[in-house]
Amino acid sequence: MKIIQYGLWMILAMGMTACQESTPPNQPQETTSQTAHSDYVIMALGDSLTEGLGVDENHNYPAILQQQISAEGFKNVQVVNAGLSGETSTGLLNRLDWVMQLEPDLTVLNIGANDAMRGLDLALTEQNIRTIIKKLRNNDSDVILAGMEIYDNLGRDYVSGFKDMYVRIAEDLKVPFIPFFLAGVAGQTEYNQKDGIHPNQAGYRLIVENNILPIVLDHLEKNK
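Remember, predicted model here, so these are calculated numbers, not experimental data.

*Asks:* What am I meant to see in the overall build of the chain here?
*Replies:* Across its full length, the chain carries eight helices and six strands. Starting at the N terminus and walking to the C terminus, you meet the elements of the chain as α-β-β-α-α-β-α-β-α-α-β-α-β-α. Across the 224 residues that make up the chain, the buried fraction comes to 55%. Counting only contacts in the chain whose residues sit at least 6 apart along the sequence, the fraction spanning at least 24 positions is 81%.

Shown next as structure tokens:
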């Protein structure tokens, strides 16, 4: 499947998930069986791409990140899945105080795709993401921002503005940046579910190994 086809399916599939209300889930998924105190908490925060819609909870990206981090020797690091399908940046901002009770040391933030699906004002989305990052930092969490890209049926200006928004936020707020969360997976049939936009187990593993793990490990090494 070509990248253009991916983008079209992204808009359609996000529409199916975005109809859900952005209400706090019963409990963020703890992606480790560890019950003892964790010295360091990583919160994966975002929408269905973070929650892992359509895959077993042991095969979403936070669970795979937990496995990889533990294999690298960081035994006291706990990854918590705070993703919610259908989430917009406004919905995430509204539930942020609730999820911050997890007291994350590091947050991997990926949000905005559902805003784009609805054609929301980019200025609103950008302001929401900036506020989310600032509130996380004010609560002693470092932040890694993961960017997204969208299909051009919303117009070239909107598409380029959406992509550039993440770059601008990362530069202005000086946060570590993953340019495209789905890099290497978007548009690749073998790495996606039948809807063409949500990664399967293999896709999530590739996302973690190539896009997320290197920047997270670098952060952990610097903060030992």
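So that's the structure; there's more coming.
*Asks:* How do you make sense of unusual backbone geometry when you look at a structure like this?
*Replies:* Trans is the common state for peptide bonds, and a negative phi is the common state for residues other than glycine. For Glu103, which is not glycine, the phi torsion reads 55 degrees and is therefore positive. For Glu103, the position within the fold is in the loop between helix H4 (89-99) and strand E4 (106-110).

*Asks:* Whenever I open this one, the pairing of strand E3 (residues 77-83) confuses me. Can you help?
*Replies:* The side chains of a regular strand alternate, first on one face of the sheet and then on the other. With seven of its seven residues buried, E3 lies for the most part within the structure. In E3, alternate side chains face the same way, and those of Val77, Val79, Asn81 and Gly83 on one face and Gln78, Val80 and Ala82 on the other are all buried. Sheet topology places strand E2 (residues 40-46) next to E3; seven bridges connect them, and they run parallel. Within E3, the position partnered with Ile42 by the bridge is Val79.

*Asks:* Sorry if this is basic, but what is going on with the pattern of salt bridges here?
*Replies:* Oppositely charged side chains may form a pair once their charged atoms are brought near each other. Counted according to the given criterion, the structure contains eight salt bridges. Bridged by salt links that share partners, the residues Glu126, Arg130, Arg168 and Asp172 form one connected network.

*Asks:* Help me understand the packing of helix H3 (residues 61-71) against helix H8 (residues 201-222) in this model?
*Replies:* The geometry of H3 relative to H8 is characterised by a closest axis approach of 9 Å and an angle of 55 degrees between their N-to-C directions. In terms of orientation, H3 and H8 fall into the oblique class. Judged by the sense of rotation from one axis to the other, the crossing of H3 with H8 is right-handed. Residues Tyr61, Ile64, Leu65, Gln67, Gln68 and Ile69 of H3 pack against Gln201, Tyr204, Arg205, Val208, Glu209, Ile212, Leu213, Val216 and Leu220 of H8.

*Asks:* Can you walk me through the pairing of E2 in this structure?
*Replies:* Burial analysis of E2 places seven of its seven residues in the buried class, the great majority of the element. Side chains Tyr40, Ile42, Ala44 and Gly46 project from E2 onto one buried face, and the interleaved Val41, Met43 and Leu45 project onto a second face that is buried too. Direction of pairing for E2 relative to E4: parallel, over a ladder of five bridges. For Ala44, the partnering residue across the bridge sits in E4 and is Val108.

*Asks:* Where do I start with H4 in this structure?
*Replies:* The periodicity of an α-helix, 3.6 residues per turn, causes residues three or four places apart in sequence to face the same way. Looking at H4, one finds that the buried residues are Ser89, Gly91, Leu92, Arg95, Leu96 and Val99. Down the axis, H4 shows its buried residues gathered within 150 degrees of arc, on one side only.

*Asks:* I would appreciate a short explanation of the confidence of the model for the chain in the present structure.
*Replies:* Caution applies to low-pLDDT parts of the model: their predicted coordinates are not meant to be read in detail. For the chain, per-residue confidence averages 87 on the pLDDT scale, and 83% of positions sit at 70 or higher. Per-residue pLDDT stays below 50 along residues 1-26; that stretch engages in 63 contacts with residues further than four places along the chain or on separate chains.

About the thresholds
- Residues numbered from 1 in each chain as written.
- Predicted model: local features only at pLDDT ≥ 70, side-chain atom pairs only at ≥ 80, totals over all residues.
- Heavy atoms only, no water.
- Helix = DSSP H or I, 4+ residues; strand = E, 2+ residues; numbered from the N terminus.
- Buried < 20%, exposed > 50% of the residue type's maximum accessible area, 1.4 Å probe, protein only.
- Contact = heavy atoms within 4.5 Å.
- Pairing = 2+ DSSP bridges.
- Salt bridge = Lys/Arg side-chain N within 4 Å of Asp/Glu carboxyl O.
- Axes fitted to C-alpha atoms, helices over the stretch in contact; angles between N-to-C directions.
- Parallel < 35°, antiparallel > 145°, perpendicular 65-115°, else oblique.
- Left-handed = near helix turned anticlockwise from the far one by under 90°.
- Arc of directions from axis to C-beta.
- pLDDT = per-residue confidence, 0-100.

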